[in-house]
Structure formats: structure tokens, C-alpha cells
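Residues per chain, in single letters:
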Amino acid sequence: MTAVISAAERLRQGNAVELDGVSKVHGSGRATVQALDGITLSVAQGEFVCVLGASGCGKSTLLDLLAGLEAPSSGTLRLGSATALMFQDSALFPWLTAARNVDLALKLRGVPRAQRPAKVAELLELVRLSDFADKRPHELSGGMRQRVALARALGQDAPILLMDEPFGALDAMTRDVLHTELERVWRITGRTIVFVTHNVREAVRLGDRVVLLTSRPGRVLAEFEVGLPRPRHLDDVEVATLAGAITERLRGEGHGHGRAG
Amino acid sequence: MAAPADLRDHTPAPLPAPPRSPLRLLPGARPWAAAWPKLSAVVLVLVVWQLVVWSGWRPQFVLPAPLTVLRQFAEDVANGELLAATAVTLRRAAVGYPVSVAVGTALGLLVARFRVLRTAVGSLITGLQTMPSIAWFPLAILLFKLSEGAILFVVVLGSAPSVANGLLSGIDHVPPLLLRAGQVLGARGWGTYRHVVFPAALPAYMAGLKQGWAFAWRSLLAGELLVIIANRESLGVRLQFARELSNAPVLIATMIGILLVGIVIDALVFGQVERRIRARRGLASR
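Computed from a predicted model, the values in this text were never measured in an experiment.

(A) View of the overall build of chain A. The number of helices and strands found in chain A is seven helices and 10 strands. A compact globule built from 261 residues would reach a C-alpha radius of gyration of about 18 Å, and chain A, at 18 Å, matches this within 12%. By its C-alpha atoms, chain A is 50 × 45 × 40 Å across when sized along the principal axes. Put simply, chain A has 261 residues, and 52% of those count as buried. Relative to all contacts within chain A whose residues are 6 or more apart in sequence, the contacts with residues 24 or more apart total 71%. Carbon and sulfur atoms make up 50% of the accessible area of chain A, which amounts to about 11,400 Å² in all. When the 32 basic and 30 acidic side-chain charges of chain A are each reduced to a single mean position, those positions are 4 Å apart.

(B) Representation of the overall build of chain B. Counting its regular elements, chain B contains 12 helices and zero strands. Of the regular secondary structure in chain B, the N- to C-terminal order runs α-α-α-α-α-α-α-α-α-α-α-α. In chain B, which comprises 286 residues, the share counted as buried stands at 38%. Across chain B, the fraction of contacts at a sequence separation of at least 24, relative to all contacts at a separation of at least 6, is 70%. About 17,100 Å² of surface is accessible on chain B, with carbon and sulfur atoms providing 70% of the total.

(C) Structural detail: the pattern of salt bridges. Residues and elements named next belong to chain A. Throughout the structure, instances matching the rule amount to 29 salt bridges over all chains. Close ionic contact of Arg78 with Glu18 constitutes a salt bridge, the shortest N to O distance being 2.9 Å. You can see Arg78 sitting in strand β5 (residues 74-79) and its partner Glu18 sitting in strand β2 (residues 15-26), a full 60 residues away along the chain. Residue Arg78 is classed as buried on the basis of its relative accessible area of 17%. In this structure Glu18 comes out as buried when scored by relative accessible area, which is 3%. Through salt bridges that share partners, Glu47, Arg209, Glu223 and Glu225 make up one connected network.

(D) Geometry of the interface of chain A and chain B. The interface is formed by 18 residues belonging to chain A together with 19 residues belonging to chain B. Here chain A and chain B share an interface that buries about 1,900 Å² over both sides, 69% of which is from carbon and sulfur atoms. Close ionic contact of A:Asp64 with B:Arg180 constitutes a salt bridge, the shortest N to O distance being 3.0 Å. By residue number, the principal contributor to the side of chain A that touches chain B is helix α2 (residues 98-108) of chain A, which donates four residues.

(E) Up close: the packing of aromatic side chains. Scanning the model with the defined rule gives 11 aromatic pairs over all chains in all. When the ring of B:Trp190 is compared with that of B:Phe198, the centres are 5.9 Å apart and the planes differ by 65 degrees; the resulting orientation is edge-to-face. Judged by its relative accessible area of 59%, B:Trp190 is exposed. Between the aromatic rings of B:Trp213 and B:Trp217, the centroid separation amounts to 5.6 Å while the plane-to-plane angle is 20 degrees, which identifies the pairing as stacked. Note that B:Trp213 and B:Trp217 are positioned in helix α10 (residues 190-226) at a spacing of four residues, about one turn of the helix. Accessibility expressed as a relative area gives 7% for B:Trp213, which makes it buried. The class for B:Trp217 is buried, based on a relative accessible area of 9%. Among the aromatic side chains, those forming a connected cluster through ring pairs are A:Phe48, A:Phe167, A:Trp186 and A:Phe195. We note B:Arg58 situated over the ring of B:Trp57; from NZ or CZ to the ring centre the distance is 4.2 Å. Above the plane of the ring of B:Phe215 lies B:Arg218, whose end atom (NZ or CZ) is 5.3 Å from the centre.

(F) Inspection of the nonpolar core at higher detail. By size, the foremost hydrophobic cluster in this structure holds 89 residues, and its most contacted members are A:Val17, A:Leu19, A:Leu66, A:Phe93, B:Leu209 and B:Trp217. Among the elements that take part in this core, α10(B) stands out by supplying 14 residues, more than any other. If sequence neighbours within four positions are ignored, B:Leu209 has contacts with B:Tyr97, B:Val101, B:Val163 and B:Phe270. Among the nonpolar cores identified, the runner-up in size contains 51 residues, and A:Ala99, A:Leu126, A:Leu178 and A:Val210 belong to it.

(G) Local environment of helix α12 (residues 248-280) of chain B. Residues and elements named next belong to chain B. The end-to-end C-alpha distance of α12, which contains 33 residues, comes to 47 Å, matching closely the 48 Å that a straight helix rising 1.5 Å per residue would cover. At Gly271, α12 shows its strongest bend, of approximately 35 degrees. Once α12 ends, the next one or two residues include Gly282, with phi positive near 70 degrees.

(H) Representation of the confidence of the model for chain A within the structure. Averaged over all residues, the pLDDT of chain A equals 87, while 93% of them reach at least 70. For chain A, strand β1 (residues 4-5) of chain A is the element with the lowest average pLDDT, namely 52, and α2(A) is the one with the highest, namely 95.

(I) Up close: helix α7 (residues 237-252) of chain A. Residue and element names in this part refer to chain A. Helix length check: α7, at 16 residues, gives a terminal C-alpha distance of 22 Å against a target of 22 Å (1.5 Å per residue), a fit within 8%. Among the residues making up α7, those that are buried are Val239, Leu242, Ala243, Ile246 and Leu250. Projected down its long axis, α7 carries its buried residues within an arc of 100 degrees, all on one side. When the buried face of α7 is taken as reference, the exposed residues oriented beyond 90 degrees from it are Val237, Thr241, Arg251 and Gly252. The elements touched by buried residues of α7 are β4 (48-52), α6 (200-206), β9 (209-213) and β10 (220-225).

(J) Representation of the side chain of B:Thr192 within the structure. Residue and element names in this part refer to chain B. On the secondary structure map, Thr192 appears in helix α10. Under the relative-accessibility criterion, Thr192 is labelled buried at 17%. Sequence-distant contacts of Thr192, defined by excluding residues within four places in its chain, comprise Leu179, Ala187 and Val197.

(K) Structural view of unusual backbone geometry. Residues and elements named next belong to chain A. For the bond running from Arg230 to Pro231, omega is -5 degrees, close enough to zero to count as cis. By secondary structure assignment, the location of Pro231 is in the loop between β10 and α7. Here the phi dihedral of Asp157 falls at roughly 55 degrees; this positive angle occurs in a residue that is not glycine. Even without being glycine, Glu165 reaches a positive phi, approximately 40 degrees. Exposure remark for Glu165: the relative accessible area of 12% places this residue in the buried category.

The rules we used
- The numbers attached to residues start from 1 for each chain and follow its sequence in the written order.
- Written order determines the labels here, with chains lettered from A and ligands numbered from 1.
- In keeping with the model being predicted, local features are shown solely for residues with a pLDDT of at least 70 and side-chain atom pairs are shown and tallied solely at 80 or more, while totals for entire chains, interfaces and linings include all residues.
- Calculation of side-chain values draws on the structure's entire complement of heavy atoms; hydrogens and water are dropped beforehand.
- Counting from the N terminus, the helices are the DSSP runs of H or I reaching at least four residues and the strands are the DSSP runs of E reaching at least two.
- The size measure is the radius of gyration over C-alpha atoms, and the globule rule it meets is 2.2 Å times the number of residues to the 0.38 power.
- Exposure classes here rest on a 1.4 Å probe applied to the protein chains alone. A residue is buried below 20% of its type maximum, exposed above 50%, and partly exposed in between.
- Any two residues having at least one pair of non-hydrogen atoms within 4.5 Å are treated as being in contact.
- Per-residue and other accessible areas follow the Shrake-Rupley method at a 1.4 Å probe size, with only the shown protein chains counted as cover for residues.
- The convention is simple: Lys and Arg are positive, Asp and Glu are negative, and His and the chain ends are not counted.
- Taken as the charge location is NZ of Lys, CZ of Arg, CG of Asp or CD of Glu.
- Any Lys or Arg side-chain nitrogen found within 4 Å of a carboxyl oxygen on Asp or Glu counts as a salt bridge.
- Buried area is understood as the total, over both parts, of accessible area removed when two parts are fitted together, assessed with a 1.4 Å probe.
- Here is the rule: rings of Phe, Tyr and Trp (six-membered ring for Trp) pair when centre to centre is within 6.5 Å. Planes less than 30 degrees apart are stacked, more than 60 are edge-to-face, and the remainder are tilted.
- Each ring is checked for a lysine NZ or an arginine CZ that lies within 6 Å of its centre and within 35 degrees of its normal; such an atom marks a charge sitting over the ring.
- Here, nonpolar core refers to any group of buried Ala, Val, Leu, Ile, Met, Phe, Trp, Tyr and Cys residues whose side-chain atoms link them within 4.5 Å.
- Each helix should span, by expectation, one fewer than its residue count multiplied by 1.5 Å.
- Bend, in this description, refers to the angle at a residue between axes fitted to the seven residues ending there and the seven starting there.
- What pLDDT conveys is the predictor's confidence in a given residue, as a value from 0 to 100.
- Regarding the arc, it is the one traced by the directions from the helix axis to the C-beta atoms.

Laid out in C-alpha cells, this is it:
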């Protein structure tokens, strides 16, 4: 991870994340795939940024870079702090109860055993799952599993929370509820959130800012400030209008589908 | 539920309590529900056996009737002979199986961890598994004479590969997403194994342990037929002597004993543990 400079002082004042001309190439030789091409992006501390793009636009690669799971091929990536990552599938450990899943996050970052139970209870309380602490993942609904996953990600206690299409597999009603919950948790915890999605309305519903990525290679196509007051709702006219404009913009780019890489 | 009026008339009023049979209230009722199909199968086997005996296909001193054998079985249990022999055999299993588990687990771990080893011996392990354990005995007897060592050697060779393979397939099939989740949470090196890989591999490892037990038990009995040690009457020795003396009732009674031990250990030990592991993770139970 030579290209990652984790020193906060190198970041511009008030920024949590800065990417400067970051590119990522997967594979080697003939099988090379350019996943990201010259991404320049900054995220302010405490900001909620939604990264929007079609499947295969390198959104997940972007999160892998931010989470430190991979290193950029070129460009610089500066992080003001540690990151936590939440997956589309809850990725909970099926052999652990909800509470133990959250507990593991604390344990792995070295929280002393004596302090953990109270902290776990607090986190489950935050995602409103106190009554389900002793249930295993298979006994929980999809929405509940994502709440546990959120509690676990918060348990990592990293100021930057990365979310990889976390509500993509949920039904519309559950998703709606979780939008509200996430917004509440964001307000309470003051996290910086980078939220990846392919759902335009979801991005407008949640984000302070929406960053539009093209596909193959992933480039920043446009950024939209969402100046709408919170709380918002998916069906708000203003949300729908902005989502429509963004969709237009995406369509204008042909989504990058069918073009030679 | 909004049912059409004409249908509603036929639907019984809000779920009347099902007619409770008094049996249901007894604590033993549930095991009975699970047991009766098995008992019927046993009865069926006994009936077919009796029919074959009556048909006169073989003389009765070669193929005795079920009742004769069961009487012999009861007698052998009562006079302690069968139990003593079972104890001898089980004591060998109690040494051989743990050694197999230790060897198989170590082997599986090493092969999973080091790519070179996998290339070198990965397919060999599967190969060993297909090798009938009885084929090892001539060599084992040359190496260890007619001794406990010869039996142990073959039991371990027969059973350890299953254990190793179970662990290996468990480790190979850890969902990549869980590995990523572990990494994101900060698990590294040994921590990854402890918190992600081993728990995720547990069901496959259990299957390997179970299969390993079956192989150990088979190898052990094969060994006891060939490696006969004086003054130690094991189940295998009883079989061998019964054949030499043409004592068919004792022979078959001993076989029933062997079968029972196998079933009991499989159901009580492995069945229970496996069911618990699977239920915990919400995996379908059979």
C-alpha cells in the first residue's frame, strides 16, 4: 500500500478522504481490466456521499481501495482515519449470534473483554435490535441482518463508514425504513459515509452529494449537490426530479454498456 | 383471512385444538414416533430372514433362524462374553481413532496452508482414501508382527485421510465474503483462522470426522480378523473362532453386536453433534 498516505495533515482541512487521479487495473497481460481511471474525489468529514453507477463500474473496487483491501495502481489516496466497510450481503458470521458478531468487531480491534458487553448492547440499541441479541443470522430477516451488519461496522469505531450497496437485496418497504435508520445513526454518530449504490433515488434520498461514475473504466462523470432539506423521502417530488435529472445524465453517457473497454 | 362465504362454512372454526391422543402427553411419545419406522424395518428384515430359513436354502446349522440367533445374542450379552469382546475392540478404537483424528487434522492443516504440500500430496490423500484398508495388513504384519501396533497402523491409515479431506474441503470452501469480512474487521494471520476459517470449516470437518470414524471401525474389524493376539478376545476374534467352529449363531450374534456399536456411536455421538452444528447455522437438517 505504498500509494496510501494515511497522515491526516496531508489532507486538506476538513476532508476525510481525498483521491487524486486514482486508477486501478485488475489482472495482468491480456486479461487486464481497467476498473478505475483517474478518479479525483474528496469527501468532507461528516459528509454523506453517494457513489452512483451501473453494475461493473468499479464502485466496489473503489471501496476496496478505501478499505485498504487493495492498493491503487496509480494516483494517491489519502485517508484521514480508519475505515469500516459494510457489504451488500450482511456477511455476518452464521455461527455467531447477533451480539457475538458485533462483539467480534470490538474484540479484533482490541477492546478489553470487560468493556465489550456494554458496548455491544449500546450498538444493538442504536440499530434497535436489543431484543434480538441472542438470535443467529438465519433467524433474522434480511433487514435485521443489515442492521446487525451496521452495528458491527460501527463497532469497528472507524470515523469513515464505507457501504457497498447495503440495502440492494432488501424489499422496498424494509429499505425505506433502513434509509431512515441509517440517516438517524449518521446524525447521532457523526460518521463520514461513502455509500455505493446503483439506485438513483436512493442516492438522492440519502446523500449530501451524489458522485456519478461511468462504467469500464470507472471515471467520475459528474457530481450533484443534493441541497434538499432532511428528512427526505424516496417519493418526494424534489427527490424524484433530481433523480430524473441524474438518470438523464447517465443515459446521455450510454451507461458505458456495449462499448469496447 | 378473507375466505368466500361458501368456503367459510366448510372451514372449521378458528383452528380447533387438534384431538390430543393421550400418547402425545407421555414423555416417551416423541421418541416412539421416530422409532417405529426403524422398528418396522427391523421386523421386516427378521421376517425375510425367517422366510429364507424356512425355504430350506441352507441347512439350519449354517443359517440359523432369527430367534436362535437372538437367543444366542441375549445369552452372550448376559454371560458377559460379548460385552468383554466389545470392550477389547472399543479400547482399540479409543486409541486408534484419536490418533487418526490428530494425524488427519495435522495433515489437513499443513496441506491447506502450504501450496507445495498440496501439489505434492493433495491427490495422494484422496488416493489413500480409496485404498481398501485390508490391503495394508500384509505390510502392517511384516512391519509390526501380530501386534496392537499393526492394527493401529492400519486404522490410522484407513481413517486419517477422511479426516484430512474433510478439514481440507471445509477450509477450501470458506465463503470468500466471510474472509473479506474478517479482513475488514481486522483479523490477520492466526486470527483469521481462529475467527473465520475454522468456524466456517466446522461442518465439513465434522463430516470428515464422521466418515473417519466409519473407516476406523471398518479397518479395526478387518484387522481383528487377521491380527489375532492371544488371550485378547475381541469382536473380530469371536467372528473368526465362530467360523472355525462352524458356530453360526455366535457368528451372527457377534455381527449384530458390531452393527449395533456402529449405529449407536454414529447416531449418539456424530449424529447429535452434527445436528447441533447444522441447526445453529440454520442449515437444513436431514
